[in-house]
Amino acid sequence: MARTTNMDPDSVGVRLGNAADVKASRRSRTKGGVGKKREAPVKRRLQAQIRRGTVAKTKSSTKRTESRTRTDAPAIRFRQLVLVLALAVVACVLVARSAQLQLMDRSRFEGAALAQARHVVELRGRRGPIVDRHGAELAMSLDVETVVADPAQVKDPDASARRLAPILRVDRSKLAKKLSSGRRFVYLRRRVSPRIATSIRAASEPGVFMISEPKRFYGGNRLAAHLLGFSNIDGAGRAGLERRYDAALRGRHARLDGLRDGRGNAVLVDGAEAAQDLDGRGLRLSLDRTVQHDTEVALAKAVRWQRARSGVAIVLDAQTSEVVAMASQPDFNPNDLGDSTASERRNRAVEMVYEPGSTFKIVTVAAALEEGVASPERRLDCESGKWRFGGRTIRDADHAYGDLTVAESLSVSSNICAAKLGIELGRDRLHRWIQRFGLTRATGIELPAEARGLLRSPRSWRDIALANISFGQGIAVTPLQMAQALNVIAAGGIRRAPRIVAATELEQGHWVEAPKLRSERVLRPETATALTRMMVGVVEEGTGQQAAIPGFQVAGKTGTAQKIDPLTRAYSREDYVASFGGFGPAEAPEFTVLVVLDEPQGSIYGGIAAAPAFRQILSAALRARGHVVSEPKTAPAPGTEASARTQLVPKGAPGEAPEARGLEFALSDQAKAMLGLNESLPSSDPGVVPGLVGLGAHEVLERCEKAGCVPIFVGTGRVVEQTPASGTAMVPGATWQVRMKPRFD
Amino acid sequence: MRQDPLIWALAIAAPLVAVGLFHAWTHVQTLRLGYELSDAVEKREVLEEQNRALRMERSTLRAPERLERLGREMKLAPPGSEAH
């Protein structure tokens, strides 16, 4: 064994170890850095001991040390062994524990770790858009901001409420209450304007946040509001197409699993579903936005001009029966539902039923032509405007014609001739033709709450009922049903159910056309042509001249029908429905248009009140198809002062035959029974007591004054009973007693 | 011939280290792509929202009511209304 007296710490290290250590030490020294590094702490310790004098520098001390080293060697080896064993045990424990965690309890700990880091990203698809036939957006969902709060983070709810209430325009106390609630999430105001959102951000109120929520926007405001309907604040369709197609329009929700990093950022590790797969499907309508606008404008003008209670206008594509425009007045703005009433939101085109009056005569004449009962040239006796039938009198009130052809009778809208044709047809045949024209069932259009009309079984029709129905009283239809019936003639005798949805969006930008609906031939082409010629006569020479469009042949039919007074359950003498329906150009029909005005106050006649709007709407539709259409020089646009001067005709003035006037006595028992009528219409014959039932006190006073009689009123409201009865001989100076009841008693 | 144990150790450790490094690399890549995906989804949302807003604005600007009002202000007339 080598000896040394060198007190170099390096050599001390050598002395302390055995031969193998020396070898290792040398080896490590020759290899350089690693050995040196390991020895460095020993060296430092020895140097420190030398400095402290704990290591002797004498020969004797060196000897003692060597001797002790020899004695301690087994102990050192033992310690080394213990240390190695201890380290091995620790290593084994670590490996075992690691194996336990990684292999045996893997799923449990993996789940716990994922639960801690997992972040579920909620993706909400937007409601699909609704576009017109040219792709113009009518309804669309956009993100807007909603103000929310975490009340736990709000330090001073009252102070925050004081600052936020003026910005949000909400009640301060309610806001303070929300901010004081124990919940962790409250809505302060949903879907605020960008201006409010900016102000809220600027306020930087602690605990108050903004989140995005989709909001439905209707770009045209009131445009096609009744068709489109609306959705509620949670995006669920509540009316119109929004309701009918809610399932298709509504976007899907998806939950994507992601991870959250230390800063809370979402990391999508499993990919993301395509957004368009989540978005609701779009709807493409057959509607033309421009024609819809013009239709709405024309209808609104007519309603305003005639001071009508409500109005409906429908434009159908004559060849496909697609709805090109559908307007209803009064209307509403779906962007601001709070201002609208239930009545304004009602789509009268499909939800309202009315007695069509003379426009229905086309069905009677069509049936007569098809059944061989009559030809257009067959002459009928119009009985000089007054015909006694079934114990009642049917009148052509304002004209007294003798013999007329069927075509001429349609042109002047004779109730008597229509009744005669209906009677010749008989109950069953007329009823069958009413069915064929689709007037006894809903059209099936893709709109909710469609009515299906009212018509009793033909077995219960009395003779007078048959006569009434022949000229459009005692039967109730929706405007859309009537438009469909008119379109049968425009389409050359083929009936197609009207529809509004042209295509649905399968995926973004990929549209699937709606399947073609079944069509049914109702009339022979020659019958349709004959009817078209007759309807052209109505516009060119008859009661519908206001509907004429220069340069175009227009086919049409006027309608004026009395309404039922809900109080008296009799036909009102005050309230009428004026309508005009037709199509054009007559030689190659492109559009069928129907205009219905409910309770017009200016003129009750369809040819005066509704025909100008018809002309405007048909002109607009033809323009939209590229035709150059001119306004007639002689017919001022309705709604203008000039038109009011030239066209405003007081009620009761001569004009086309008001169908219900023919009902003066012909008011059917059947119609009464069907419509719950018990009272006959008042007589207007001079020398007899007029009918007062249904009139208000003011009108009774007027009539009494005219007759020189003294009224006695019992009760208030409208007359429900009178003494003496109407039709009895009038005695000047006599007392007339009327019992009255409130309208909604 | 006896081989150096260090070589054996290296031969065993190197593949293990390589596998470990690869695993770590894939994990880092997954996270990086996850971040990118999150950003892309967010950007797509923003762009789609902008697209919708612009479509709505276009629809509003081309609304017949507005065009009619502008036409009236410019004293224009419907096509053909001057004829006859």
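What counts and what doesn't
- All chains use their own residue numbering, which begins from 1 and follows the written sequence.
- Whichever chain is written first is A, and whichever ligand is written first is 1; the rest continue in order.
- Local features in this predicted model are restricted to residues whose pLDDT is 70 or higher, and side-chain atom pairs enter the listing and the counts only when it is 80 or higher, whereas totals over whole chains, interfaces and linings include all residues.
- Strands are runs of DSSP state E lasting at least two residues, helices are runs of H or I lasting at least four, and both sets are numbered from the N terminus onward.
- Remark: C-beta atoms are placed from the backbone, and a residue is labelled buried if 20 or more other C-beta atoms sit within 10 Å of its own, exposed if 12 or fewer do, or partly exposed between those counts.
- Throughout, a residue-residue contact means that the two C-beta atoms, derived from backbone geometry, are no farther apart than 7 Å.
- For helices, the fitted axis covers only the stretch in contact; all axes are lines through C-alpha atoms, and the angles between them, taken along N-to-C directions, range from 0 to 180 degrees.
- Note that the term roughly parallel is reserved for angles under 35 degrees, roughly antiparallel for angles over 145, roughly perpendicular for angles of 65 to 115, and oblique for everything else.
- Working rule for handedness: look at the near helix, and if it is turned counterclockwise from the far one by less than a right angle, call the crossing left-handed; if clockwise, right-handed.
- Residue type decides the class: Asp, Glu, Lys and Arg count as charged, Ala, Val, Leu, Ile, Met, Phe, Trp, Tyr, Cys and Pro as nonpolar, and the leftover types, Gly among them, as polar.
- Every residue is assigned a pLDDT by the predictor, reflecting its confidence on a scale from 0 to 100.
- A set of buried residues qualifies as a nonpolar core if it consists of Ala, Val, Leu, Ile, Met, Phe, Trp, Tyr and Cys joined through C-beta atoms within 7 Å.
- For two strands to be treated as a pair, DSSP must find no fewer than two bridges joining them.

*Asks:* Any chance you could explain the overall build of chain B here in plain terms?
*Replies:* In terms of regular secondary structure, chain B is built from two helices and zero strands. Here chain B holds 84 residues, and 8% of them are scored as buried.

*Asks:* What should I look at first to understand the overall build of chain A in this one?
*Replies:* When you go through chain A residue by residue, the secondary structure sums to 26 helices and 26 strands. Expressed as a percentage of the 745 residues in chain A, the buried residues total 45%. A separation of at least 24 residues holds for 72% of the contacts in chain A among residues at least 6 apart in sequence.

*Asks:* Can you help me understand the packing of helix α17 (residues 415-425) of chain A against helix α19 (residues 463-470) of chain A in this one?
*Replies:* Helices that pack against each other are described as a pair by the angle of their axes relative to one another and the distance between those axes. All names here are of chain A. Packing of α17 against α19 leaves a shortest axis separation of 7 Å and a crossing angle of 125 degrees. Considering the angle they form, α17 stands oblique to α19. Crossing of α17 against α19: the hand is right-handed. Seen from α17, the contacting residues are A418, A419, L421, G422 and I423; seen from α19, they are L466, A467, I469 and S470. For the contact of α17 with α19, the residue count by class is seven nonpolar, two polar and no charged.

*Asks:* Can you help me understand the confidence of the model for chain B in this one?
*Replies:* Caution applies to low-pLDDT parts of the model: their predicted coordinates are not meant to be read in detail. The predicted model of chain B averages 85 in pLDDT, with 88% of residues at 70 or higher. The complex model carries a pTM of 0.70, and its ipTM stands at 0.72.

*Asks:* Before we go on, may I ask you to explain helix α18 (residues 427-436) of chain A in this structure?
*Replies:* All names here are of chain A. If you check which residues of α18 are buried, you get L430, H431, W433, I434 and R436. Against the buried residues of α18 lie α15 (361-370), α17 and α19. After α18 finishes, the residue G438 shows a positive phi value of roughly 80 degrees.

*Asks:* Help me understand the nonpolar core in this model?
*Replies:* Within soluble globular proteins, side chains that are nonpolar tend to cluster in buried spots. All names here are of chain A. I314, V595, A610 and I617 are the most contacted members of the largest nonpolar core, which totals 136 residues. If you tally residues by element for this core, the top one is helix α22 (residues 606-624), at 12 residues. Setting aside residues up to four positions removed in sequence, V595 forms contacts with L299, A302, A313, S579, F580, A610, A613, F614 and I617.

*Asks:* Help me understand the pairing of strand β11 (residues 310-317) of chain A, please; the structure alone is not making it clear to me.
*Replies:* If a strand is regular, its side chains alternate between the two faces of the sheet. All names here are of chain A. Buried residues dominate β11, accounting for eight of its eight residues. Of the two faces of β11, the one lined by S310, V312, I314 and L316 and the one lined by G311, A313, V315 and D317 are each fully buried. Both β11 and strand β23 (residues 591-598) contribute to a ladder of eight bridges, which runs antiparallel. Its bridge partner being in β23, S310 is matched across the sheet by D598.

*Asks:* Can you walk me through the packing of α15(A) against α18(A) in this structure?
*Replies:* Residue and element names in this part refer to chain A. It is the contact of α15 with α18, at a shortest axis distance of 10 Å, that shows an interaxial angle of 115 degrees. The two elements α15 and α18 meet at a crossing, and its hand is right-handed. On the side of α15, the interface is formed by V363, T364, A366 and A367, while α18 contributes R429, L430, W433 and I434.

*Asks:* How should the sheet that holds strand β12 (residues 323-329) of chain A be read in this particular structure?
*Replies:* Each strand in a sheet pairs with its neighbour through backbone hydrogen bonds, running either in the same direction (parallel) or in the opposite one (antiparallel). Residues and elements named next belong to chain A. Read across the open sheet, the five strands follow the order β12-β11-β23-β22-β21; overall the sheet is antiparallel. Each edge of the open sheet is held by one strand with a lone partner, namely β12 and β21 (555-565). Here the average twist between neighbouring strands, direction ignored, is 10 degrees. Across the sheet, helix α21 (residues 525-540) lies against β21 and β22 (570-584), angled at about 75 degrees from β21, the strand it touches most.

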